[in-house]
Protein chains: 2
Amino acid sequence: MQPMEKVKVIEIKKSVFAENDKDADNLRKELRTKGVYLLNLMSSPGSGKTTTLIQTINRLKDKIRVAVMEADIDSDVDAVKIKEATGIPSIQLHTGGMCHLDAEMTRQGLDNVALEDADLVVLENVGNLVCPAEFDTGAVRNAMILSVPEGDDKPLKYPLMFSVCDLVLINKIDVMPYFDFDLERCKSYIRQRNPKAQVIPICAKTGEGVDAFVQWLLNEVNSWKTN
Amino acid sequence: MQPMEKVKVIEIKKSVFAENDKDADNLRKELRTKGVYLLNLMSSPGSGKTTTLIQTINRLKDKIRVAVMEADIDSDVDAVKIKEATGIPSIQLHTGGMCHLDAEMTRQGLDNVALEDADLVVLENVGNLVCPAEFDTGAVRNAMILSVPEGDDKPLKYPLMFSVCDLVLINKIDVMPYFDFDLERCKSYIRQRNPKAQVIPICAKTGEGVDAFVQWLLNEVNSWKTN
C-alpha cells in the first residue's frame, strides 16, 4: 500500500508506518520471550504457498511444533487444505479486502493460536508482490516464493519484495522446460536486490528441494530459541 | 489498497475513493469526446500481460491506431519490449512503489500519449490482483488475465478483481496438461463473481485464441467511437 500523491495521505502513511514498526518490534520481543518463531511467507497469487507449506509441515511436524495462519481476502480454502493435509493447527485470517497484513493484524491472528504449544508459526500472507513487502508483520524473518511461470525478471519489477526477504524459494522447477526461465539469471537479479538473500529451488508438487527449506527452518527456529 | 482499521485512515479512504470516481468519470467523458478507447488490463505478476499485448497489437495495428502505457513500480523492461516488438508508441509509467493506478495517475500518463493519433490506448496496470481492482482508472472497460499456473481457484480468492472485469483472458493454456487447472470449473467460479464477464482462453506464446481477443477489442472500439 502506498498513499495517493496528496499531502493528507502522505501524513497518514508516515504515522501508520512508524506506529507499525514499533508494534512489529514489540511483537517480535514478545515472541522471543515465548520462544516462538514467526515466519512471514509472501508471494504472488498462485505461486504455490499452500502446497509448499503442506510439503514442509509434513516433514517438520515430528521435529518441532508448527501452527499456520492463512491470510486471505475472502475465502478459507487454504486453511482447510492445510488442516486436512497436515493435521496441525491452522487458522484463517480474513483481511476484508485488505491487500497486506501489518503487525496489529498479525497480533490479532496470534491471539487465536496456542503459542504455548508452538515452536514455529507460519503466516501465509495475502498473495501480492507489492503491498505486503511494505509492512513489518513482527515476523522473525520474511520469506517469499517466486514460481517459474511468473518469469525470472520479477526481482527487477518488484524490487522491494526481494529486498525485504531473507529467503527466496523458487517453486515449480519441474515446469522449467516449458517456460523461458533462467535460474542463474534469476539468482543474479535477486542478488542485485538483496546480496544476502538465500535462494532455494523447489518443486512443491513432487517435494524436490523441500528438505533444504526444512533444514533452513530448523536452523532458524533453533537459533531463535537458544540465542 | 484498503485502509488500516483506524478511523483516521478510513476517512481518508472514503474521500480518496469518492474523488477518484469523479476524476475517472471526467476522464472517460473526455476520452469519449476525443474518440479514444482506454482499456485497463490487470493481472498478477507474470501472467503474460506484455506477451499478450505484443501478439494482440501486431494483429490490430493495421486496423486501428494503438498506443500502450506500461505501469510498473520501477523498471522499464515492458515498455521497451512492446516498442521493439510492435513498433507502436509505448510509454512507461513509474508508480514509485505504488501498488495501483488511479484516474489522476492515468491522466498523467495520457498527457504523454498523442491521443489524436490513437483509437485504442491500453493501460497495462501494476501486476497485482488486489489493489488495482479498487480504483476506477477512467478506462472504458477493465480486462484481466489469469494464467493457468496460478490455479483455477483464483476467482474465489480475489473476488473484487473478477467482479470488476468485463473480460477475463485465461492465458498459458498450452501448459494446462502440467497443472491441475480445470477450465470449466474456473469459468463457473468466474460466473459466480461476475455473470456478465466474457472468458477467452488464449496462449500468448503461440497466439492461440488471440484472434478472439482482437475481435472483442475491434467491436468495443468501434462501438465506443460510433455510439
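Residues numbered from 1 in each chain as written. Chains lettered and ligands numbered in written order. Predicted model: local features only at pLDDT ≥ 70, side-chain atom pairs only at ≥ 80, totals over all residues. Heavy atoms only, no water.

Engineer: Any chance you could break down the overall build of chain A for me, citing the residues and the numbers?
Structural biologist: Assigned secondary structure in chain A consists of eight helices and seven strands. Since a compact globule built from 227 residues should have a radius of gyration of about 17 Å, the 17 Å found for chain A is in line with a globular shape. Based on the C-alpha atoms only, the size of chain A along its principal axes is roughly 50 × 45 × 35 Å. Sequence separation of 24 or more characterises 74% of the internal contacts of chain A that already satisfy a separation of 6 or more. When the accessible surface of chain A is totalled, it reaches about 9000 Å², and 48% of it is carbon and sulfur. Taken together, the 28 basic and 34 acidic charged side chains of chain A have centroids lying 3 Å from each other. (Helix = DSSP H or I, 4+ residues; strand = E, 2+ residues; numbered from the N terminus. Rg over C-alpha atoms; globule rule 2.2 N^0.38 Å. Contact = heavy atoms within 4.5 Å. Areas by Shrake-Rupley, 256 points an atom, 1.4 Å probe, with all protein chains shown as cover. Lys, Arg positive; Asp, Glu negative; His and termini not counted. Charge placed at Lys NZ, Arg CZ, Asp CG, Glu CD.)

Engineer: Lay out the packing of aromatic side chains in plain terms, naming residues and giving numbers.
Structural biologist: A full pass over the atoms with the stated rule returns five aromatic pairs over all chains. Aromatic pair Tyr37 of chain A and Trp224 of chain A: ring centres 6.3 Å apart, planes at 90°, arrangement edge-to-face. Linking Tyr37 of chain A in strand E1 (residues 37–43) with Trp224 of chain A in helix H8 (residues 210–226), this pair joins segments that are 187 residues apart in sequence. The class of Trp224 of chain A is buried, set by a relative accessible area of 11%. Ring geometry for Tyr178 of chain A against Tyr178 of chain B: centres 3.9 Å apart, planes inclined by 15°, an arrangement best described as stacked. Within this pair, whereas Tyr178 of chain A is found in the loop between strand E6 (167–171) and helix H7 (183–193), its partner Tyr178 of chain B is found in the loop between strand E6 (167–171) and helix H7 (183–193), the two belonging to separate chains. Taking the relative accessible area as the measure of exposure, Tyr178 of chain A reaches 32% and is therefore partly exposed. Geometry around Trp224 of chain A places Arg32 of chain A over its ring, the cationic atom sitting 4.0 Å from the centre. (Phe/Tyr/Trp six-rings, centres within 6.5 Å; stacked < 30°, edge-to-face > 60°. Buried < 20%, exposed > 50% of the residue type's maximum accessible area, 1.4 Å probe, protein only. Lys NZ or Arg CZ within 6 Å of the ring centre and 35° of its normal.)

Engineer: Any chance you could break down helix H3 (residues 77–86) of chain A for me, citing the residues and the numbers?
Structural biologist: Residue and element names in this part refer to chain A. The set of residues buried in H3 consists of Asp78, Ala79, Ile82 and Thr86. Along the long axis of H3, the arc covered by the buried residues comes to 100°, so they all point the same way. Positive backbone phi, approximately 80°, marks Gly87, located one or two places after H3. (Arc of directions from axis to C-beta.)

Engineer: Any chance you could break down helix H8 (residues 210–226) of chain B for me, citing the residues and the numbers?
Structural biologist: Counted at 1.5 Å a residue, the expected span for H8 of chain B with its 17 residues is 24 Å, and the 24 Å between its end C-alpha atoms agrees. Three or more residues of H8 of chain B are buried, namely Val210, Phe213, Val214, Trp216, Leu217, Leu218, Glu220, Val221 and Trp224 of chain B. (Expected span 1.5 Å × (residues − 1).)

Engineer: Any chance you could break down the pattern of salt bridges for me, citing the residues and the numbers?
Structural biologist: Residue and element names in this part refer to chain A. Counting across every chain of the model gives 28 salt bridges over all chains. Ionic pairing is found between Asp25 and Arg28, a salt bridge with its closest N-O pair at 2.7 Å. Taken together, the residues span about one helical turn, with Asp25 and Arg28 both in helix H1 (residues 7–34) at a distance of three residues. Accessibility expressed as a relative area gives 39% for Asp25, which makes it partly exposed. As a salt-bridge pair, Arg107 and Glu30 come within 2.8 Å of each other at their nearest N and O atoms. Of the two residues, Arg107 sits in helix H4 (residues 103–110) while Glu30 sits in helix H1, which places them 77 residues apart along the sequence. What you see here is one network of salt bridges that share partners, running through Asp25, Arg28 and Asp136. (Salt bridge = Lys/Arg side-chain N within 4 Å of Asp/Glu carboxyl O.)

Engineer: Give a description of the sheet that holds strand E7 (residues 198–201) of chain A that names residues and reports values.
Structural biologist: Residue and element names in this part refer to chain A. What the seven strands build is an open sheet, ordered E3-E2-E4-E1-E5-E6-E7; its pairing is parallel. In this open sheet, the two edge strands, each paired with only one partner strand, are strand E3 (90–94) and E7. Strand-to-strand, the axes of this sheet are offset by a mean angle of 20°, without reference to chain direction. One ladder, built from four bridges, connects E6 with E7; its direction is parallel. Opposite Ile170, over in E7, you have Pro201 as the bridge partner. Along the sheet face, helix H2 (residues 49–60) touches E1, strand E2 (66–72), strand E4 (120–124), strand E5 (141–147) and E6 and points at about 175° away from the line of E2. Across the face of the sheet, H3 comes into contact with E2, E3 and E4 while running at roughly 175° to E3. (Pairing = 2+ DSSP bridges. Axes fitted to C-alpha atoms, helices over the stretch in contact; angles between N-to-C directions.)

Engineer: Account for the side chain of Glu150 of chain A, with residues named and values stated.
Structural biologist: Tracing the chain through its elements places Glu150 of chain A in the loop between E5 and helix H5 (154–157). We note that Glu150 of chain A is buried and unpaired, the nearest opposite charge coming from Lys172 of chain A at a distance of 6.4 Å. If we ignore the near neighbours within four places in the chain, the residues touching Glu150 of chain A are Ser44, Ser47 and Leu129 of chain A together with Pro45 and Gly46 of chain B.

Engineer: How would you explain the packing of helix H2 (residues 49–60) of chain B against H8 of chain B if you had to name every residue and give the values?
Structural biologist: Residue and element names in this part refer to chain B. Look at H2 against H8: their axes get within 10 Å of each other, and the N-to-C directions meet at 65°. Judged by the sense of rotation from one axis to the other, the crossing of H2 with H8 is right-handed. From H2, Thr52, Gln55, Thr56, Arg59 and Leu60 reach across to H8, where they touch Val210, Asp211, Phe213, Val214, Leu217 and Leu218. Its residues assigned to classes, the contact of H2 with H8 shows six nonpolar, three polar and two charged. (Left-handed = near helix turned anticlockwise from the far one by under 90°. Nonpolar A, V, L, I, M, F, W, Y, C, P; charged D, E, K, R; others polar.)

Engineer: Got a sec to walk through the packing of H2 of chain B against helix H3 (residues 77–86) of chain B? Specific residues and values, please.
Structural biologist: All names here are of chain B. Closest axis-to-axis distance for the H2/H3 pair is 10 Å, and the angle between their directions is 25°. When the axis of H2 is compared with that of H3, the two are roughly parallel. The chirality of how H2 crosses H3 is right-handed. Taking contact as the criterion, the partners of Thr50, Leu53, Ile54, Ile57 and Asn58 in H2 are, on H3, Asp78, Lys81, Ile82, Ala85 and Thr86. Tallied by class, the residues present in the contact of H2 with H3 amount to five nonpolar, three polar and two charged. (Parallel < 35°, antiparallel > 145°, perpendicular 65-115°, else oblique.)

Engineer: So, the confidence of the model for chain A: which residues are in play, and what are the values?
Structural biologist: All names here are of chain A. Per-residue pLDDT for chain A averages 91, and the proportion of residues at 70 or more is 93%. Low pLDDT (under 50) marks residues 1–13, which in the prediction has 38 contacts with non-local residues, meaning those over four places away or in another chain. On the interface metric, ipTM, the complex scores 0.83, and its pTM is 0.88. (pLDDT = per-residue confidence, 0-100.)

Engineer: I'd like a description of the sheet that holds strand E2 (residues 66–72) of chain B, backed by residues and values.
Structural biologist: All names here are of chain B. Across the sheet, which stays open at both edges, the seven strands sit in the order E3-E2-E4-E1-E5-E6-E7 with parallel pairing between neighbours. Looking along the sheet, the strands with just one partner apiece sit at the ends: strand E3 (90–94) and strand E7 (198–201). Here the strands of the sheet are splayed against their neighbours by 20° on average, with no regard to which way each runs. Pairing geometry for strand E1 (residues 37–43) and strand E4 (residues 120–124), over five bridges, is parallel. Within the sheet, the bridge partner assigned to Leu39 lies in E4 and is Val122. Running at roughly 175° to E2, H2 makes contact with E1, E2, E4, strand E5 (141–147) and E6 of the sheet. Relative to E6, H7 is tilted by about 160°, and along the sheet it contacts E5, E6 and E7.

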